[in-house]
Amino acid sequence: MMEWVKGLVIASFAVLMPIHAAMAAAGVLIVSDLILGMWAARKRGEKLTSAAMRRTISKMLIYQSAIITGFICETWLLSGFIPVSKLVSGVIGVVEMKSILENANSISGGDIFAKVIKALGSKNDVNEPPNDDSPGAA
């Protein structure tokens with residue numbers, strides 16, 4: 001009996017090997033969202049509940065199932081014609097990144113992108129009139 005289960009698990013891993021990176025990336029994004037969401041909730045003074053953890057587990061199962069279903073449709077129904085698993089993974093990635101950025105904005109107290117761009121700014125970003133001594137001046 002255990003040999004049958006062992007064979008099924010090994011076969012499942014072999015079949016899903018082409019999408020292991022997408023599944024791992026989705027898992028990392030979900031865990032990152034959970035950690036930043038807990039941090040943001042604590043900063044806002046909200047109480048952490050088990051319902052939030054339950055939503056994360058549900059999200060993990062649903063997202064992984066969606067990637068697997070997309071891969072099965074792509075491989076056995078569409079013969080690779082439409083990259084369904086990549087499209088599903090992309091949508092999941094965008095949704096999770098949006099949530100992560102919302103949490104980061106909540107933690108930082110403002111628009112995190114604006115702060116990063118300002119910190120990375122250069123002298124060229126300042127709107128100053130060109131110097132007459134510059135090589136491009138006529």
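Our subject is the structure listed above.
Residues numbered from 1 in each chain as written. Predicted model: local features only at pLDDT ≥ 70, side-chain atom pairs only at ≥ 80, totals over all residues. Heavy atoms only, no water.

Draft legend 1. Up close: the environment of Thr75. Residue placement: Thr75 occurs in helix H3 (residues 50-77). For Thr75, a relative accessible area of 32% puts it in the partly exposed group. For the pair formed by Thr75 and Ser85, sequence separation is ten residues and the distance between their alpha carbons is 9.2 Å. At 2.8 Å, the side chain of Thr75 and the backbone oxygen of Phe71 are in polar contact. (Helix = DSSP H or I, 4+ residues; strand = E, 2+ residues; numbered from the N terminus. Buried < 20%, exposed > 50% of the residue type's maximum accessible area, 1.4 Å probe, protein only. Polar contact = N/O pair within 3.5 Å; in protein donor to acceptor, adjacent residues only side chain to side chain.)

Draft legend 2. Broad picture of the environment of Leu29. Looking at the secondary structure, you find Leu29 in helix H2 (residues 20-44). For the pair Leu29 and Gly93, spaced 64 residues apart in sequence, the C-alpha separation works out to 7.3 Å. Each residue touching Leu29, except ones within four places of it in the same chain, is listed here: Gly93, Glu96, Met97 and Ile100. (Contact = heavy atoms within 4.5 Å.)

Draft legend 3. Main features of the pattern of salt bridges. Tallied over the full model, the rule gives five salt bridges. In this structure, Glu102 engages Lys98 in a salt bridge whose closest nitrogen and oxygen atoms are separated by 3.8 Å. You can see Glu102 and its partner Lys98 sitting in helix H4 (residues 84-108), four residues apart, about one turn around the helix. Counted as one network, the salt bridges with shared partners bring together Asp33, Lys59 and Glu96. (Salt bridge = Lys/Arg side-chain N within 4 Å of Asp/Glu carboxyl O.)

Draft legend 4. Broad picture of the packing of H4 against helix H5 (residues 112-119). Where H4 meets H5, the closest approach of the two axes is 9 Å, and the angle between their N-to-C directions is 70°. It follows from the interaxial angle that H4 and H5 lie roughly perpendicular. Across the interface between the two elements, Leu101, Ala104, Asn105 and Ser108 from H4 touch Ile112, Phe113 and Lys115 from H5. Residue composition of the contact of H4 with H5, by class: four nonpolar, two polar and one charged. (Axes fitted to C-alpha atoms, helices over the stretch in contact; angles between N-to-C directions. Parallel < 35°, antiparallel > 145°, perpendicular 65-115°, else oblique. Nonpolar A, V, L, I, M, F, W, Y, C, P; charged D, E, K, R; others polar.)

Draft legend 5. Up close: the nonpolar core. Among the nonpolar cores identified, the biggest contains eight residues, and these are Ile19, Met23, Ala26, Ile30, Tyr63, Ile67, Phe71 and Ile92. Every element with two or more residues in this core is listed here: H2 and H3. Ignoring any residue separated from it by four or fewer positions in sequence, one finds Met23 in contact with Gln64, Ile67 and Ile68. (Core = buried A, V, L, I, M, F, W, Y, C linked by side-chain atoms within 4.5 Å.)

Draft legend 6. Here's a closer look at the side chain of Gln64. Structurally, the position occupied by Gln64 is in helix H3. Separated by 3.0 Å, the side chain of Gln64 and the backbone oxygen of Met23 make a polar contact. Not counting residues within four places of it along the chain, the set of residues in contact with Gln64 comprises Met23, Ala26 and Gly27.

Draft legend 7. Broad picture of the environment of Glu74. Relative to the elements of secondary structure, Glu74 occurs in helix H3. Taking the relative accessible area as the measure of exposure, Glu74 reaches 10% and is therefore buried. C-alpha of Glu74 to C-alpha of Ser85: the two residues are eleven residues apart in sequence and 6.7 Å apart in space. The contacts of Glu74, once residues within four sequence positions are left out, are Ser79, Gly80, Ile82, Pro83, Val84, Ser85 and Lys86.

Draft legend 8. Representation of unusual backbone geometry within the structure. Despite not being glycine, Ser79 has its phi angle at roughly 50°, a positive value. As for its position among the elements, Ser79 is in the loop between H3 and H4. Its relative accessible area of 67% is what places Ser79 among the exposed residues.

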